[in-house]
Amino acid sequence: MRWSKLFVPTLRDVPADAEVASHRLLLRAGYIRQLGAGIYSCLPLARRSILKIEQIIREEMDRMGGQEFYLPALNPDDIWKESGRWEAMGDNMFRLKDRTGRDLCLGMTHEEVFTSIARDEIRSYRNLPQIWYQIQVKFRDEPRPKSGLLRVRQFTMKDSYSFDIDRKGLDHSYDLHEQAYRKIFERCGLEYLVVQAASGAMGGSESEEFVVFSDAGEDWVVSCSKCGYAANLERAVSNLEQVADPDGTSQFSEVHTPGQKTIEEVSTFLKIPKSRQIKSLVLIVENNPYLILLRGDHQLSEPKLAGVLSSEIFRPAMPDEIREIFGADPGSLGPVGIKEIRVLADKALEGRRNLVCGANRDDYHLVNVTPEVDFTAPYADIREVQEGDPCSSCGTPVKVAKAIEVGHIFKLGLKYSSSMKATVLNAEGQESPLVMGSYGIGVERILAAAVELYNDDLGIVLPRSIAPYQVVITLLRPDDEEHRALAEDFYEQLNARGIDCLLDDRDERPGVKFKDAELIGIPLRLTLGRKLTQGEVEVFSRADRETVTVPTTEALEAVEKILNQFPL
RNA sequence: CGGGGCGUGGCGCAGCUUGGUAGCGCGCACGGUUCGGGACCGUGAGGUCGGAGGUUCAAAUCCUCUCGCCCCGACCA
């Protein structure tokens, strides 16, 4: 491609709305433009990158035996009502009516459609396993689209679905996906991590996320640098550092704590560490109040709590509700003497002694409160792991960091095959439900994550495999016949060698050409300029900003050699 | 949904408090000089000031409503 013909509207000024690096740079570099909140147009550079990413995905999916489909994004309501997700998806689903008033929706994911095909067409275990995939558009009416391509309402997803006759088959299909995903993210040049994850509304038992560490991400990931343990904060577990309590079991007593409400204030006032307090939270769970107890320095993990309660329908109680139930304001609550209300305590309180909690009387706290002596409550792991907690497998302090989710694999099991009655005959001639898995990759997110990961003050630095072009030939004197002829020659030959090449033949000053080439992140630049009179050209590597000068006769070899130094 | 911010040529912004001919930088077009790190000079094109209603002799500016976008939170596959 000749740059003079290519549409690359680069910007000097940064659009005011763009905050995260990938959003800012993709706009500036002329990759994308915004159409609405969470809706973006891909311009030619982005499109080329996306197509390369899709091709990598396609190759790896095909390699493991996946078969490519293409399903409609426009879905009738009936299959969604069958699976129960017409209601479950709530406001996140775009819904519309056709001219006759029938309900339709825009697909957020395609378990329903694929399951309906499998149900109708697969009759025998002999036709299993199947791995079906597509690279297709998804629509999700996100409550808050943000950060450019990272959280959008329309995006491209590679989604795949496995159908097996049994659990063992599913395990195999799942493993195939995990291996393929590793290969895909490696080939895209991403530094990624596989972490244990919560399956959320997808349902199913086991799931893992593929994440890229970045402050622009929205997932919190707990990881151990020593043993490799890694999990989404929603389900991460850790050990505890021991807290020493005073020996013996003293009778608790009330102390006056005027105006001391928060854990922090009480800690300072009574001169005891936060870890020796009991944090009392009141939640309304399906209309019933619940007292949740945590160590003073711990935070509640709502996903874990949802798991323990087998309900996601809960909310913090309002101050007036708390007053009515406890006869005290939040800030002076505790479990001692509580009878009518259900209580749940985090495991970190098990075996502790002589703690401090609220007295259920404004401005009073209790000291020397001992679980199981002064109150009883069932224990469960409902606390959120914190930075520095000892790793559950090796004891090393764990890290907690933000990450971008680029892929997610789930063992669904029977969730959709039972609700949608998808069965086949097994070897014994019995109806047997399909055992399913589902697997997703956010295609644009790979590009955005790569830009988050690899950028500098000059702009984007893309891995070779997903850069829109691998080499840009910067022709500094396009009006010089000899220079031009040589540039054209390089251009032809590089393309002939399978290297995507962009020829900057624009009538622009050198500075503009250099800045643009660096901004859009082309891995290698071949510069034809004044050194041509000595029979030399320059090869500039974007990632390390190194320039080597080589004779023109060796330029092609030099380009290939340097390109091949990138492992990507 | 709660909180905050912003809508003025393609992009970045000023003007609004105190109503009175819509401005600056970049970009764009043309001419000239330049040409290895986002050049310089000159000339020029381009704006229903997000939209609707109201107040006023007069509204970008004041009032009401409304739409959109961004950020924080809630939420979230």
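Residues numbered from 1 in each chain as written. Chains lettered and ligands numbered in written order. Predicted model: local features only at pLDDT ≥ 70, side-chain atom pairs only at ≥ 80, totals over all residues. Heavy atoms only, no water.

**A closer look at the domain arrangement of chain A**
At step 1: Taken domain by domain, chain A consists of domain 1 (14–236 + 400–451), domain 2 (253–380) and domain 3 (469–565).
At step 2: A C-alpha centroid distance of 39 Å is found between domain 1 and domain 2. (Domains from an automatic or database assignment.)

**A word on the protein's contact with RNA strand B**
At step 1: Among the 44 residues in the neighbourhood of RNA strand B, the closest are listed as Arg-12, Met-89, Thr-109, Arg-151 and Glu-518.
At step 2: Protein-adjacent atoms of RNA strand B, using a 4 Å cutoff, are sugar or phosphate at a proportion of 47%.
At step 3: In this structure, a sugar or linking oxygen belonging to RNA strand B sits 2.8 Å away from a side-chain N or O atom of Asp-17.
At step 4: Between RNA strand B and Arg-85, the relevant distance is 3.2 Å, taken from a base nitrogen to a side-chain nitrogen or oxygen of the residue.
At step 5: Looking at the surface near RNA strand B, the elements with two or more residues in it are β1 (32–36), α13 (510–520) and β29 (524–528).
At step 6: In terms of residue class, the surface near RNA strand B is made up of 15 nonpolar, eight polar and 21 charged. (Near = heavy atom within 4 Å. Polar contact = N/O pair within 3.5 Å; in protein donor to acceptor, adjacent residues only side chain to side chain. Helix = DSSP H or I, 4+ residues; strand = E, 2+ residues; numbered from the N terminus. Nonpolar A, V, L, I, M, F, W, Y, C, P; charged D, E, K, R; others polar.)

**A closer look at helix α2 (residues 44–63)**
Two residues of an α-helix separated by three or four positions point the same way, owing to the 3.6 residues in each turn.
At step 1: End to end, α2 covers 28 Å across 20 residues, agreeing with the expected 28 Å (1.5 Å per residue, within 8%).
At step 2: Those residues of α2 that fall on the buried side of the exposure criterion are Leu-45, Ala-46, Ser-49, Ile-50, Lys-52, Ile-53, Glu-54, Ile-56, Ile-57, Glu-60 and Met-61. (Expected span 1.5 Å × (residues − 1). Buried < 20%, exposed > 50% of the residue type's maximum accessible area, 1.4 Å probe, protein only.)

**What about the pattern of salt bridges?**
Two side chains carrying opposite charge are able to pair once their charged atoms lie near each other.
At step 1: One pass over the full model with this rule turns up 47 salt bridges.
At step 2: Residues Arg-276 and Asp-245 are paired through a salt bridge, measuring 3.1 Å at the closest nitrogen-oxygen approach. Here Arg-276, found in the loop between α7 (263–270) and β14 (278–285), pairs with Asp-245, found in the loop between β12 (230–232) and β13 (253–256); they are 31 residues apart in sequence, far enough to count as distant. Considered together, Arg-276 and Asp-245 belong to a single accessibility category, that of buried residues.
At step 3: Of the charged contacts in the structure, one is a salt bridge between Glu-557 and Arg-497, with a shortest N-O distance of 3.4 Å. (Salt bridge = Lys/Arg side-chain N within 4 Å of Asp/Glu carboxyl O.)

**Side note on unusual backbone geometry**
At step 1: Between Leu-128 and Pro-129 the backbone carries a cis peptide bond, its omega angle lying at 0°.
At step 2: Within the secondary structure, Pro-129 sits in the loop between α5 (111–121) and β7 (130–139).
At step 3: The phi torsion at Asn-354 lies on the positive side, around 55°, for a residue other than glycine.
At step 4: Here Asn-354 is to be found in the loop between β17 (342–346) and β18 (355–358).
At step 5: Judged by relative accessible area, which is 2%, Asn-354 ranks as buried.
At step 6: Even without being a glycine, Glu-372 presents a positive backbone phi close to 75°.
At step 7: Following the sequence through the fold, Glu-372 ends up in the loop between β19 (364–369) and β20 (379–380).

**Quick look at the pairing of β1**
At step 1: One ladder, built from four bridges, connects β1 with strand β2 (residues 39–42); its direction is antiparallel. Bridged to Gly-36 within β2 is Ile-39.
At step 2: Adjacent in sequence and paired antiparallel, β1 and β2 are bridged by two residues, among which Gly-38 carries a positive phi angle near 70°. (Pairing = 2+ DSSP bridges.)

**Section: the sheet that holds strand β28 (residues 501–504)**
At step 1: Reading across from one edge, β28-β27-β29-β30-β31 is the order of the five strands in this open sheet, with mixed pairing throughout. The open sheet terminates on both sides in strands that have one partner only, identified here as β28 and β31 (546–551). The sheet shows a mean angle of 20° between the axes of neighbouring strands, taken without regard to direction.
At step 2: Strand direction decides the pairing type here: strand β30 (residues 536–541) and β31, joined by six bridges, are antiparallel. Bridge assignment links Val-539 to a residue of β31, and that residue is Val-548.
At step 3: Helix-sheet contacts for helix α12 (residues 481–496) involve β27 (471–475), β28, β29 and β30, and the interaxial angle to β27 is about 175°. (Axes fitted to C-alpha atoms, helices over the stretch in contact; angles between N-to-C directions. Contact = heavy atoms within 4.5 Å.)

**A look at α13**
At step 1: Taken residue by residue, α13 has Lys-513, Asp-516, Ala-517, Glu-518, Leu-519 and Ile-520 as its buried positions.
At step 2: Phi for Gly-521, located one or two positions after α13, is positive at around 80°.

**Remarks on a negative patch on the surface**
At step 1: Taken together, the side chains of Asp-479, Glu-481, Asp-507 and Glu-508 make up a negatively charged region of the molecular surface.
At step 2: Residue placement: Asp-507 occurs in the loop between β28 and α13. (Patch = residues over 30% accessible without salt bridge, like charges linked within 9 Å, V, L, I, M, F, W, Y side chains within 5 Å. Areas by Shrake-Rupley, 256 points an atom, 1.4 Å probe, with all protein chains shown as cover. Lys, Arg positive; Asp, Glu negative; His and termini not counted. Charge placed at Lys NZ, Arg CZ, Asp CG, Glu CD.)

**So, the packing of aromatic side chains**
At step 1: Under the criterion given, the structure shown has 11 aromatic pairs.
At step 2: Consider the rings of Trp-132 and Phe-163, whose centres lie 5.1 Å apart with planes at 55°: the pair is tilted. A residue pair is termed long-range when its members are at least 10 positions apart, and Trp-132 in strand β7 and Phe-163 in strand β8 (residues 154–164) qualify at 31 residues. Just as Trp-132 is buried, Phe-163 falls in that class too.
At step 3: The ring of Tyr-174 has Lys-411 sitting right over it, with the charged end atom 4.8 Å from the ring centre. (Phe/Tyr/Trp six-rings, centres within 6.5 Å; stacked < 30°, edge-to-face > 60°. Lys NZ or Arg CZ within 6 Å of the ring centre and 35° of its normal.)

**Some words on the environment of Glu-350**
At step 1: With respect to the helices and strands, Glu-350 occurs in the loop between β17 and β18.
At step 2: Judged by relative accessible area, Glu-350 falls into the partly exposed class, the value being 46%.
At step 3: Sequence separation between Glu-350 and Ser-392 is 42 residues, and the spatial gap between their C-alpha atoms is 17 Å.

**Re the nonpolar core**
At step 1: Counting 67 residues, the largest nonpolar core has Tyr-31, Ile-57, Phe-185, Leu-447, Leu-462 and Ile-520 as its most contacted members.
At step 2: In terms of domain composition, this core takes at least three residues from each of domain 1 (14–236 + 400–451) and domain 3 (469–565).
At step 3: Residues in contact with Phe-185, not counting those within four places in the same chain, are Leu-190, Tyr-192, Phe-210, Val-406, Gly-407, Ile-441 and Ile-446.
At step 4: The next biggest cluster of nonpolar side chains, apart from the first, holds 24 residues, and it includes Leu-71, Met-89, Met-93 and Ala-422. (Core = buried A, V, L, I, M, F, W, Y, C linked by side-chain atoms within 4.5 Å.)

**Side note on the packing of α2 against helix α11 (residues 443–453)**
At step 1: With their axes 9 Å apart at the nearest point, α2 and α11 run at an angle of 115° to one another. The angle between the axes of α2 and α11 places the two elements in the roughly perpendicular class. Remark: the crossing between α2 and α11 carries right-handed chirality. Residue-level contacts link Ala-46, Ser-49, Ile-50, Ile-53, Glu-54 and Ile-57 of α2 to Val-443, Glu-444, Ile-446 and Leu-447 of α11. (Parallel < 35°, antiparallel > 145°, perpendicular 65-115°, else oblique. Left-handed = near helix turned anticlockwise from the far one by under 90°.)

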